[in-house]
Amino acid sequence: MKIRPFAFGMLLIFLISISACASTPSPDSAGGADSIEKTAKNSKEPEKIEPPKTPDVIFVEKLQSALAKGDLEGAIGHFETIPEELKDNTDMKILQASLLLSANRTKEAAVIASELKAKDPSNKEVLELNAQIALASGDSQAQNAAIKQLLAADPNNAAANIILGDQQQIKKKYKLALNNYRRALISEPDNHDALYGYGKMCWYTGDMKSAKETFNKMYQMDKNDTVALSYLGKLSAEDENYKNAIDYIEKAIKLEPNTYDFFLDYGSYLRNVGRYADAEKAWSKAIQIDPTYFLGYAYRAGLYDEQDKFKQALADYHMVVKTNPSYYFAYEEIGILEFHEKNWAVARAAFSKANSIKSQSAYQLMIMATYIKENNLFEAKKMAQNIMKNMNRESLDYKMIRLYHDQGPANAENTIATALDKETDKTKRGKMLFYFALYYQMRGSDAVAKEYYSKVTKMQTPLFFEYRLAEWAEQEL
């Protein structure tokens, strides 16, 4: 459970103030100056007599000890023994409510916060507490009221601007969020949440210099700040300084060995320096931490795919769609690999799912191809008829689907060959060259098919999935 940062600061200040009061000798203490002087004369090494600790000091020290151990519930339970002299102390009540909020005991925190607000409606810390509780409970009306009151008194109030910045960030209004975090830092230059938000928004808006300066500041403030370490790793990777990126993320992992995102980043950095076995271990660790999230499977599948470990890649891609059914890219990859493995029905199911999420003629042609591979021309024609109803008949996509439907004639083949020569869009031309080659291969014209596959594989920097299928097909012919 995450403990709200200001809880520690408030506790420390309170402890210092109480300890100072308890340890300061009273001017009226027995004996006065004369007694002290006599003691000094009669003893070479006068005894240091520590004044007994008062109940409030004992309470706060025990509370501090519980928090230092990370025992949040223990710290909250400790308030049952709070001494009389602290029961009505506003700072202690704010601290108690803050700890309850950290433990997701929002309703209990709200009761205390409401009482404090009724008692002192203009207290800034109380208003900040109420705003945080309203945010946690989803009470936007109460939250907006508290923020409005805070900003009226201080436009740069850190708590209010951080909440607003977080809201703008969720809406992907990064420049507005950046301004909110910047204002928060005016009043609290060392506020962790404001620095984190500001650094991240600098990164999102392309200001890498400011992002690096901000996360470096966080790191200098606390060398165990895993957020700072993580983002310094990301920024190093942006500069392709993977050695530094690896160093930063390894430090973060040492501090937090069960953080999913750290192992995702770690695997990426390792992969970029060619340490494939270590990258696989990193992503496997991420999957072990949270087997219900899809990205670990997706990253590891890509690594297996890159090394031609197709069965392992397929197993991971199937886990991707199991954990995230809307991730169309994984369906595409399953379709490609299952097509390569000649599992026509499985490939068809994958391309059909991808097409249902993001319809495109490439997926439709692949589905038709799986039917033709199974000698089921009827279903291929049936699908083509449904697709062609709403297509532009002058488009190259329409002509290719029509060719698959009609299985010729020669004049249609010549028309497409001419259109391909005239196509200026490199990606479009490469994709359609593949489907033209596949058409000839499925008709048994291997020599013509190889000629067109070769045109695809000779293209530089291909940005379409059919390129891999063309490579495999050319090798087989």
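Given the structure is predicted, the values throughout are model-derived calculations rather than measurements.

Chemist: Would you take a moment to explain the overall build of the protein chain for this structure?
Modeler: Along the protein chain, the regular secondary structure elements total 27 helices and 0 strands. Out of the 477 residues belonging to the protein chain, those deemed buried represent 45%. Carbon and sulfur atoms make up 51% of the accessible area of the protein chain, which totals about 25,300 Å².

Chemist: Which parts of the structure should I look at to understand helix 21 (residues 361-373)?
Modeler: Each full turn of the α-helix corresponds to 3.6 residues, which orients residues three or four apart in the same direction. Between the first and last C-alpha of helix 21 there are 18 Å, a value that for 13 residues agrees with the 18 Å anticipated at 1.5 Å per step. Counting buried positions along helix 21 gives 12 out of 13 residues, so the element sits mostly inside the fold. Those residues of helix 21 that fall on the buried side of the exposure criterion are Ser361, Ala362, Tyr363, Gln364, Leu365, Met366, Ile367, Met368, Ala369, Thr370, Tyr371 and Ile372. Residues of helix 21 that are buried make contact with helix 19 (328-340), helix 20 (344-357), helix 22 (377-388), helix 23 (396-406), helix 25 (426-442) and helix 27 (466-476). A positive phi of about 60° marks Asn375, the residue just after helix 21.

Chemist: Sorry, what's going on with the packing of aromatic side chains here?
Modeler: Pairs of aromatic rings are described using the distance from one ring centre to the other and the angle between the two planes. With the rule as written, the count across this model stands at 26 aromatic pairs. Ring centres of Trp203 and Tyr231 lie 5.5 Å apart, and the angle between their planes is 85°; this geometry places the pair in the edge-to-face category. Remark: Tyr231 occurs in helix 13 (residues 226-238) and Trp203 occurs in helix 11 (residues 192-204); sequence separation between them is 28 residues. An identical accessibility class is assigned to Trp203 and Tyr231; each is buried. Between Tyr327 and Phe329 the ring centres are 6.2 Å apart and the planes differ by 65°, which places this aromatic pair in the edge-to-face class. Taking the relative accessible area as the measure of exposure, Tyr327 reaches 26% and is therefore partly exposed.

Chemist: Before we go on, may I ask you to explain the side chain of Lys431 in this structure?
Modeler: Within the element layout of this structure, Lys431 appears in helix 25. With sequence-adjacent residues up to four places away left out, Lys431 is seen in contact with Gln360, Ala362, Phe464, Phe465 and Glu466.

Chemist: Looking at this model, I keep getting lost on the packing of helix 15 (residues 260-272) against helix 16 (residues 276-289). Mind explaining?
Modeler: Any two packed helices are characterised by the angle at which their axes cross and by the distance between the axes. It is the contact of helix 15 with helix 16, at a shortest axis distance of 8 Å, that shows an interaxial angle of 165°. On the basis of the axis angle, helix 15 is roughly antiparallel to helix 16. For the crossing formed where helix 15 meets helix 16, the hand is left-handed. Across from Tyr260, Phe263, Leu264, Tyr266, Gly267, Ser268, Leu270 and Arg271 in helix 15, the residues of helix 16 making contact are Tyr276, Asp278, Ala279, Ala282, Trp283, Lys285, Ala286, Ile287 and Ile289. Considered class by class, the residues forming the contact of helix 15 with helix 16 number 12 nonpolar, 2 polar and 3 charged.

Chemist: Explanation requested: the environment of Asn244 in the structure shown.
Modeler: Counting through the fold element by element, Asn244 comes out in helix 14 (residues 242-255). The class for Asn244 is partly exposed, based on a relative accessible area of 31%. C-alpha of Asn244 to C-alpha of Leu232: the two residues are 12 residues apart in sequence and 8.6 Å apart in space.

Chemist: In this structure, what is going on with helix 7 (residues 124-137)? I would like to understand it.
Modeler: With 14 residues, helix 7 should cover 20 Å at 1.5 Å per step; its first-to-last C-alpha distance of 20 Å lies within 8% of that length. On the buried face of helix 7, the contacting elements are helix 5 (90-102), helix 6 (106-119), helix 8 (140-153) and helix 9 (158-170). Where helix 7 begins, the side chain of Asn123 points an oxygen toward the backbone nitrogen of Glu125, at a separation of 2.9 Å. A positive backbone phi angle near 80° is found at Gly138, which sits one or two residues after helix 7.

Chemist: In this structure, what is going on with the pattern of salt bridges? I would like to understand it.
Modeler: For side chains bearing opposite charge, pairing can occur when the charged atoms are close. In this structure the tally under the stated criterion is 18 salt bridges. Notably, a salt bridge pairs Lys234 with Asp265, separated by 2.8 Å at the nearest N-O pair. You can see Lys234 sitting in helix 13 and its partner Asp265 sitting in helix 15, a full 31 residues away along the chain. Taken as a pair, Lys234 and Asp265 share a single burial class, namely buried. The shortest N-O distance in the salt bridge between Arg300 and Asp316 comes to 2.7 Å.

Chemist: Would you mind going over the packing of helix 19 against helix 20 with me for this structure?
Modeler: Remark: helix 19 packs on helix 20, axes separated minimally by 8 Å, with the N-to-C direction vectors making an angle of 155°. If you check the angle between helix 19 and helix 20, you find them roughly antiparallel. For the element pair helix 19 and helix 20, the recorded crossing hand is left-handed. Along the contact surface, helix 19 presents Tyr328, Tyr331, Glu332, Ile334, Gly335, Ile336, Glu338 and Phe339, while helix 20 presents Trp344, Val346, Ala347, Ala350, Phe351, Lys353, Ala354 and Ile357. Taken together, the residues that form the contact of helix 19 with helix 20 break down as 12 nonpolar, 1 polar and 3 charged.

Chemist: Got a minute to help me understand the confidence of the model for the protein chain in this structure?
Modeler: Close reading of the predicted structure is inappropriate where its pLDDT is low. Of all residues in the protein chain, 90% attain a pLDDT of 70 or more, and the chain-wide mean is 89. Across residues 19-33, where pLDDT falls below 50, the model places 5 contacts with residues more than four positions away in sequence or in other chains.

Chemist: Hey, could you run me through the side chain of Glu333 in this one?
Modeler: In this fold, Glu333 is placed in helix 19. The residues touching Glu333, leaving out its near neighbours within four places in the chain, are Asp305, Tyr317 and Arg468.

Chemist: Before we go on, may I ask you to explain unusual backbone geometry in this structure?
Modeler: What you tend to see is this: most non-glycine residues have negative phi, and most peptide bonds are trans. At the junction of Gly408 and Pro409, the peptide bond is cis and its omega measures out at -5° in the coordinates. Assignment of secondary structure puts Pro409 in the loop between helix 23 and helix 24 (410-422). In this structure, Lys342 takes a positive phi of about 65° despite not being glycine. Residue position: Lys342 is located in the loop between helix 19 and helix 20.

Chemist: Explanation requested: the nonpolar core in the structure shown.
Modeler: Where a protein is soluble and globular, its nonpolar side chains tend to be buried together. Grouped together as the largest cluster of nonpolar side chains are 109 residues, with contacts concentrated most on Met400, Tyr404, Phe434, Tyr435, Phe436 and Phe465. Non-local contacts of Met400, meaning those with residues more than four positions away in its chain, are made with Leu365, Ile416, Met432, Tyr435 and Phe436. Core analysis: the second largest hydrophobic core is formed by 26 residues, Leu67, Leu99, Ala109 and Ala113 among them.

Conventions and cut-offs
Throughout this document, residue positions are counted from 1 along each chain, in the order its sequence is written. Confidence filtering applies because this is a predicted model: local features only for residues at pLDDT of at least 70, side-chain atom pairs given and counted only at 80 or more, and all residues used for totals across whole chains, interfaces and linings. For side-chain calculations, the full set of non-hydrogen atoms in the structure is used, while hydrogens and water are omitted. Each helix is a run of DSSP H or I of at least 4 residues and each strand a run of E of at least 2, with the numbering of both proceeding from the N terminus. In this scheme, a residue with accessible area under 20% of its type's maximum is buried, one over 50% is exposed, and one in between is partly exposed, where area comes from a 1.4 Å probe on protein chains only. The protein chains shown are the only cover counted for residues, whose accessible areas, like all others here, come from Shrake-Rupley with a 1.4 Å probe. Expected helix span is computed as 1.5 Å times (number of residues minus one). We call two residues contacting when some pair of their heavy atoms lies within 4.5 Å. In summary, the pairing rule links any two rings of Phe, Tyr or Trp, Trp by its six-membered ring, whose centres are within 6.5 Å, and it sorts them by plane angle into stacked for under 30 degrees, edge-to-face for over 60 and tilted for everything else. Each axis is a line fitted through C-alpha atoms, and for a helix only the stretch in contact is used; angles between axes span 0 to 180 degrees, taken between their N-to-C directions. Roughly parallel covers angles under 35 degrees, roughly antiparallel covers those over 145, roughly perpendicular covers 65 to 115, and oblique covers all other angles. Here a crossing is called left-handed whenever its near helix is offset anticlockwise from the far helix by less than a right angle, and right-handed whenever the offset is clockwise. Each residue is assigned to one class: nonpolar for Ala, Val, Leu, Ile, Met, Phe, Trp, Tyr, Cys and Pro, charged for Asp, Glu, Lys and Arg, and polar for all the others, Gly among them. Any pair of nitrogen or oxygen atoms within 3.5 Å is treated as a polar contact; in protein, a donor-acceptor pairing is required on top of that, and neighbouring residues in sequence qualify only through side-chain atoms on both sides. Any carboxyl oxygen of Asp or Glu within 4 Å of a side-chain nitrogen of Lys or Arg constitutes a salt bridge here. On a scale of 0 to 100, pLDDT captures the predictor's confidence in every residue. Here, nonpolar core means buried Ala, Val, Leu, Ile, Met, Phe, Trp, Tyr and Cys residues that are tied together by side-chain atoms lying within 4.5 Å of each other.

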